[in-house]
Structures are given as C-alpha cells and as structure tokens.
Amino acid sequence: MEPQPEHSVPSISFASYARLLRHNRNFRRLWMAQIVSEVGDWFYTLSIYTLLLQLTGHAGSVALALVLQVLPQTFVGPTAGVVNDRLRRKHVMIAADIVRFVVVLAMLFVRSPSMVWLVYPLLLAETTMAAFFEPARSSVIPNIAAEDEVLVANTLSSATWSVNLLIGASVGGVVAALFGRDTVFILNALSFLTSAFLISGMRFAEPHAESAAPLRARDLVDYSPVLEGIRYIRSHPTLLPAVFAKAGELMVGPSWVIFTVMGAREFAVHGRGIDAAGGAMLGMSILLGGRGLGAMVGPLVAARWAGRSDHRLRLGILYGYLTIALGYGVLGASRSVWMAAACAMLAHMGGSTVWVFSTTLLQFHTEDRFRGRVFAADLGLGSLTFAVTAYLAGRLLDGGISARTVATSTGLLMLVPAAILAFALRAGRSSEVDVVS
C-alpha cells in the first residue's frame, strides 16, 4: 500500500485571505452569513448563561444549558449526516436558520424564575437545528473553494469566529447591561434571518444531491447509511485521528461553566451604574474576549507554518493540545481578570488550531458523497465530550470545588488526549517508514 500523498505547498500568506473574499462570491456570502449569525450568538450566549445563574443561583443550571446546546448534536448527528448527504446542503442551512429565528424569539417569554424551565426545550430545539447546519456548512467548503483555498477558507472562518466572539463578548455584555436581554434576543433572532437570506444567494454545484436517491421519511431512521459512513472512516487511517480530534478538546465544555462562574463571582466588574448582573456579564465578557483573541491568532499563525502539509496539520493538533493544557493549568492561579483573560487567550490559540486543522484534514481526505456523515460524526463525537465534561464541571462547582481548581484540573486532563495523539503519530510515522522500506 502506498503512503498518503503530502499536501505540501508554500505557506499561506495574509494576501490569500483577501483574494479569497474578493474573487469567491459564494464563500463571501457564506462568510458574511457567519459574521451576522455568530455575533448575535455571542450576545445571546452571555445573556442566557448569566440569566440562568441569576435566576437559579446554581452553576449546574449553566452546565445543563451547555449540555442541551451540544449533546443533541451527538444523537441527531446520524440523521443530520444522512440528510446532508441526500439533500442540497444549501437548503438544509436555510431551513435551520429559519427555525432558529423562531426559537430564539420564543426566549422573550422567559421573564421570571417560574419560566426558567422554558429555556431548556428552546435550547434543545436550537441545538438540533445547529446539528443540521454545521455539517452542511463544513461540507460545502470544498464545493465552493478550490483545493488550494480550503485551508485558507477554514482558517478565515475560524479567525472570523474568534473575532465574532471577541466583539460579541465585549459588546454583548455592554448591550445587555444597558438595553436588557430582550434586545439581545431580538438581535440574535434577526441575525438568523439575515444569514438565511445571504446563503440563499449562493450558487454552486452539489454533486452528492444530484446523484442521490430521493430522501424518504423512513430514511431518517434507517441507519444503514450511517454504518456505511462508519466503515468508510475506519477504512481510511487518515480520517480516524482527525474525526476524534475535536472530541479531545476536553476544555470546551468546562470553559463555559468556568468562565461564567469566575466572571460572576471572582472577576465581576464594579462601577457606577453597573448592577450585579451587569458586572457579572462584563467580567465574563473580558474572559471570553481573551478566548476570542487567542482563537483568532492561533490558526492565523499556525496555518502559515503548516501550509497544506498533512504531517504538519497533524502535528499542529498535538501542539494545540499542549498549549490548551498550559493555558488552563495556569488559569487557576490567576489573580486578576486580565491575567485570567491572557490564560484563556493562550489556551484557545491551541484550541482553535486543533479545530481548523482537523476540519481541513477531513475535507482533504473525504469524498463528497460521505462528507455530511463524516462531519456529523466529527461534530457528534466532540459534542458528546463537551456535554459530559461541562456537566461534570458544573457538579464539581456546585459540590464546593473552586473554579480555580476545576480550571487547573482541566489543564491537566488535556495531557491525556495529547499523550494518545503523540503515540498515534509516532506509530503512524513508523508505519509509513515500513511501507516505504
């Protein structure tokens, strides 16, 4: 068996991003849809988490919200993968956006502790739609971008996600503090409508849909295509580590609980005209701003180093794990909100690099007809570990363990996937040497 060919071209320059946006109309519209939708999402996330902490007083309520925002993607993933491999992914994204517009508007009914229960089914519905949208979005990148633009597109999307987090976290706390949560919910709902409009203007071929049989209702519970997708992943050694890479980011789930609790209880911002809820949101905003800045810088720097070398993309995932471990390990010792934000920035430089590099490897090595199922598995596995670790973090915090201890423990836990990947990379290189010999 011949070893996999290396994708090795010169490193990516910053001019590559400008060229992509200037000349690729489809990607430009998808990118603009991402901006408006994600800025609204970050406004909304701040409001939901601080609302729950304020009305219930328990970190577990935030953890449960996060579980409902990610875990359904694990269970809906098989169906979402089949749908995305049978229907036009553009139409899947538009439908998901329209449903989320309605769901987010319904959050306006949550106005007292007696209505807190409504948050949870609404988050569940929103996440179910995200489970269809995100694999579709990842799957269309190779359809709208040339091969030498794929890593550029993924890196730009990741950097944009990070800038949106930086803006949304920073401005969102201010907007919520000054204008109230209702304004935030309305803005986020409108962002989904805008995203649907932008995506509707994209024009590109979707070969998988043109050759697929019509989707029937019983196909949604027929798991034979899912099993076919699993066999496909297992038969391609390059895909297996990449599919599990996001699941190894064991800090993603705890991060939301840790940042919410630390922002509200240890790093709340105090000042004239700022009440307790506003101070908590501002403290969380600063921490999330550091996270967003790190997530933006990490892939931009790492992509220049990796180029399109498969080996460097895999090695970058390992370095990303180690950077996460260092950032969260030191976070627990932070004595100011700015030091804590710097640790969040360092950790998420690594975390975002893992995300971008694993996505790019999957896009390089997955056939179009399997891409929906592969990315649904990628998202589903990650969502499972995000949900489990978020739940555990919430239980530990409510059990009296300090947020600092949970943060440091999260950093130490990241050494486990780092060690597993290091072993896999070493074994893989040894196999390639044996094959060549």
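Conventions and cut-offs
- Residues numbered from 1 in each chain as written.
- Predicted model: local features only at pLDDT ≥ 70, side-chain atom pairs only at ≥ 80, totals over all residues.
- Heavy atoms only, no water.
- Helix = DSSP H or I, 4+ residues; strand = E, 2+ residues; numbered from the N terminus.
- Buried < 20%, exposed > 50% of the residue type's maximum accessible area, 1.4 Å probe, protein only.
- Contact = heavy atoms within 4.5 Å.
- Areas by Shrake-Rupley, 256 points an atom, 1.4 Å probe, with all protein chains shown as cover.
- Axes fitted to C-alpha atoms, helices over the stretch in contact; angles between N-to-C directions.
- Parallel < 35°, antiparallel > 145°, perpendicular 65-115°, else oblique.
- Left-handed = near helix turned anticlockwise from the far one by under 90°.
- Nonpolar A, V, L, I, M, F, W, Y, C, P; charged D, E, K, R; others polar.
- Phe/Tyr/Trp six-rings, centres within 6.5 Å; stacked < 30°, edge-to-face > 60°.
- Lys NZ or Arg CZ within 6 Å of the ring centre and 35° of its normal.
- Patch = residues over 30% accessible without salt bridge, like charges linked within 9 Å, V, L, I, M, F, W, Y side chains within 5 Å.
- Salt bridge = Lys/Arg side-chain N within 4 Å of Asp/Glu carboxyl O.
- Polar contact = N/O pair within 3.5 Å; in protein donor to acceptor, adjacent residues only side chain to side chain.
- pLDDT = per-residue confidence, 0-100.
- Arc of directions from axis to C-beta.
- Core = buried A, V, L, I, M, F, W, Y, C linked by side-chain atoms within 4.5 Å.

Visitor: Is there a simple way to explain the overall build of the protein in this structure?
Guide: Looking only at helices and strands, one finds 18 helices and 0 strands in the protein. Counting only residues that meet the buried cut, the protein has 58% of its 437 residues in that class. In the protein, the proportion of contacts linking residues at least 24 apart, taken out of those at least 6 apart, comes to 87%. Of the accessible surface of the protein, which amounts to about 17,800 Å², a share of 67% is contributed by carbon and sulfur atoms.

Visitor: What is the right way to read the packing of helix α2 (residues 25-56) against helix α8 (residues 181-200) from this model?
Guide: Working note: a packed helix pair is described by the angle between its axes plus the distance between those axes. Direction vectors running N to C along α2 and α8 enclose 155°, while the axes themselves pass 8 Å from each other. As judged from the angle between their axes, α2 and α8 are roughly antiparallel. Of the two elements, α2 crosses α8, and the hand of that crossing is left-handed. Here the residues of the contact of α2 with α8 sort into 15 nonpolar, 9 polar and 3 charged.

Visitor: Looking at this structure, I do not really get the packing of aromatic side chains. What am I missing?
Guide: For any two aromatic rings, the description comes down to two numbers: the centre-to-centre distance and the angle of the planes. For the structure shown, the criterion picks out 3 aromatic pairs. Taken together, a centroid distance of 6.3 Å and an interplanar angle of 15° make the contact between phenylalanine 259 and tyrosine 328 stacked. In this pair, phenylalanine 259 sits in helix α12 (residues 252-266) while tyrosine 328 sits in helix α14 (residues 310-331), placing the two residues 69 residues apart along the sequence. Like phenylalanine 259, the residue tyrosine 328 is buried in the burial classification. Note on tryptophan 355 and phenylalanine 386: the rings are 6.4 Å apart at their centroids and 25° apart in plane angle, and the pair reads as stacked. Residue tryptophan 355 is located in helix α15 (residues 337-365), and its partner phenylalanine 386 is located in helix α16 (residues 371-398); the two are separated by 31 residues in the primary sequence. Look at tryptophan 355 and you get partly exposed, because its relative accessible area is 35%. Classification of phenylalanine 386 by relative accessible area gives buried; the value is 6%. Taking NZ or CZ as reference, arginine 100 lies 4.8 Å from the ring centre of phenylalanine 133, over its face.

Visitor: Can you help me understand a nonpolar patch on the surface in this one?
Guide: Together, Trp305, Tyr319, Leu322, Leu412 and Leu415 make up an exposed nonpolar region whose accessible area comes to about 490 Å². Relative to the helices and strands, tyrosine 319 is located in helix α14.

Visitor: Before we go on, may I ask you to explain the pattern of salt bridges in this structure?
Guide: For side chains bearing opposite charge, pairing can occur when the charged atoms are close. For the structure shown, the criterion picks out 7 salt bridges. With its nearest N and O atoms 3.2 Å apart, the salt bridge here joins glutamate 367 to arginine 369. Judged by its relative accessible area of 37%, glutamate 367 falls in the partly exposed class. You can call arginine 369 partly exposed: its relative accessible area is 45%. A salt bridge links aspartate 368 to arginine 371, with the shortest nitrogen-to-oxygen separation between them at 2.9 Å.

Visitor: Sorry, what's going on with the packing of helix α3 (residues 59-70) against α12 here?
Guide: It is at 9 Å that the axes of α3 and α12 come closest, and there the two elements cross at 145°. Judged by the twist between their axes, the crossing of α3 over α12 is right-handed. Where α3 abuts α12, its residues Ala59, Val62, Ala63 and Leu66 lie against Gly253, Trp256, Val257, Thr260, Val261 and Arg265. Classifying every residue of the contact of α3 with α12 by side-chain character gives 7 nonpolar, 2 polar and 1 charged.

Visitor: What's the story with the side chain of glutamate 206 in this structure? I'm lost.
Guide: Tracing the sequence through the fold places glutamate 206 in the loop between α8 and α9 (207-211). Classification of glutamate 206 as buried rests on a relative accessible area of 0%. Of note is the side chain of glutamate 206, whose polar atom sits 3.3 Å from the backbone nitrogen of lysine 90. For glutamate 206, the residues in contact, after removing those within four places along its chain, are Arg88, Arg89 and Lys90.

Visitor: Would you explain the confidence of the model for the protein in this entry?
Guide: If pLDDT is low for a region, its predicted coordinates should not be looked at in detail. Scored by pLDDT, the protein has a mean of 82; 88% of the residues are at 70 or more. Mean pLDDT across the elements of the protein bottoms out in helix α18 (residues 415-436) (72) and peaks in helix α5 (residues 89-106) (94). In this model, residues 1-10 is a region of pLDDT below 50 whose contacts with residues beyond four sequence positions or in other chains number 20 contacts.

Visitor: Would you take a moment to explain helix α17 (residues 403-413) for this structure?
Guide: Think of an α-helix as turning once every 3.6 residues; residues three or four places apart then point the same way. Within α17, the full set of buried residues consists of Ala403, Arg404, Val406, Ala407, Thr410 and Gly411. Along α17, the residues classed as buried sweep out an arc of 165° about the axis, all on the same side.

Visitor: Please explain the nonpolar core as it appears in this structure.
Guide: Across soluble globular proteins, nonpolar side chains show a tendency to be buried alongside one another. If you look at the biggest cluster of nonpolar residues, it comprises 129 residues, and the most contacted ones within it are Ile48, Tyr321 and Leu331. Here the element with the most residues in this core is α2; it accounts for 13 residues. Non-local contacts of leucine 331, meaning those with residues more than four positions away in its chain, are made with Ile258, Phe259, Met262, Ala340, Cys343, Arg404 and Ala407.

Visitor: Before we go on, may I ask you to explain the side chain of serine 358 in this structure?
Guide: Structurally, serine 358 is set in helix α15. Assessed through its relative accessible area of 0%, serine 358 is described here as buried. A polar atom in the side chain of serine 358 sits 2.9 Å from the backbone oxygen of valine 354. Beyond its immediate sequence surroundings of up to four residues, serine 358 is in contact with Ala242, Ala245, Lys246 and Ile317.

Visitor: Explanation requested: the environment of valine 92 in the structure shown.
Guide: Looking at the element boundaries, valine 92 is found in helix α5. Beyond its immediate chain neighbours, meaning those up to four positions away, valine 92 contacts Val83, Asn84, Leu87, Phe132 and Ala136.

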